[in-house]
Amino acid sequence: LELICGPYHPDVAAAHINIAMIYQDSKQVGRGLKHLRRAKEVFTTVFGDKHFQIGLCDHTIAVAHSLMGNFREAIKFEKSAKSIYSDNGRYEKQAQESKLWLSWFTKQAVEVEKGLSKKGGLIPVHPNLSPFVWVSLQKIVPSRIVSPAETIQLYRRSVAMRQQQQQQQHHLCHEP
């Protein structure tokens, strides 16, 4: 896909998200997290760091961290998502949902810190949390979210980035 669209195309990010969900569903959340980070990198390059898609990526990364029991990181990423949603007045519903997620992550972090688990380890995360991640991702993946003007802009950015990469490769190959 990267060969066809270039490395910084929204479809590349969507592919990384799908790979992450496959890893998550096979209980390899850590591996999936690498793909979520790559998806966020692509979306950040394409849309900028305050775009709605970045908020969705941050939320998804937060949920992945919570699945691994890393609630401090989950809180950090969810706060970033909430900030993006709140800064853009059109996403009040997502900002409210983010508050609920922050509350849940915080509660879990406090319980872990207090050592409330009788097993001496982390409190198990609810096994049915995975579908919530899929619901979040459905907001990221569809291409119909992108307007025609954004599509043209994305294409121009992709072409410019591809040209820049080719120039860099050319310089590397032809250095004395």
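The shown structure was predicted, so the numbers you read here are calculated from the model rather than taken from an experiment.

Colleague: It is not clear to me how the confidence of the model for the protein should be interpreted in this structure. Could you clarify?
Modeller: Any residue range with low pLDDT should be treated as having predicted coordinates unsuitable for detailed reading. Per-residue confidence for the protein gives a mean pLDDT of 77, with 69% of residues at or over 70. Across the protein, helix H3 (residues 29–47) holds the top mean pLDDT of 94, while helix H7 (residues 130–138) sits lowest at 40. Segment residues 121–146: pLDDT under 50, and 53 contacts once partners within four positions in sequence are set aside and those in other chains are kept.

Colleague: Help me out: how do you make sense of the packing of helix H4 (residues 52–67) against helix H6 (residues 92–114) in this one?
Modeller: Describing two packed helices takes the angle between their axes plus the distance from one axis to the other. Where H4 contacts H6, the axes come no closer than 12 Å and their chain directions differ by 20°. What the angle tells us is that H4 and H6 run roughly parallel. The way H4 lies across H6 gives a crossing that is left-handed. Facing H4, whose interface residues are Phe52, His59, Ala62, Val63 and Ser66, H6 presents Gln94, Trp101, Trp104 and Phe105. A breakdown of the residues in the contact of H4 with H6 according to their chemical character gives six nonpolar, three polar and no charged.

Colleague: Looking at this structure, how should I read H3?
Modeller: For H3, spanning 19 residues, the distance from its first C-alpha to its last is 26 Å, which sits close to the expected 27 Å at 1.5 Å a residue. For H3, the set of buried residues is Val29, Gly32, Leu33, His35, Leu36, Arg38, Ala39, Val42, Phe43, Val46 and Phe47. The first or second residue beyond H3 is Gly48, which carries a positive phi of 95°.

What counts and what doesn't
Residues numbered from 1 in each chain as written. Predicted model: local features only at pLDDT ≥ 70, side-chain atom pairs only at ≥ 80, totals over all residues. Heavy atoms only, no water. pLDDT = per-residue confidence, 0-100. Helix = DSSP H or I, 4+ residues; strand = E, 2+ residues; numbered from the N terminus. Contact = heavy atoms within 4.5 Å. Axes fitted to C-alpha atoms, helices over the stretch in contact; angles between N-to-C directions. Parallel < 35°, antiparallel > 145°, perpendicular 65-115°, else oblique. Left-handed = near helix turned anticlockwise from the far one by under 90°. Nonpolar A, V, L, I, M, F, W, Y, C, P; charged D, E, K, R; others polar. Expected span 1.5 Å × (residues − 1). Buried < 20%, exposed > 50% of the residue type's maximum accessible area, 1.4 Å probe, protein only.

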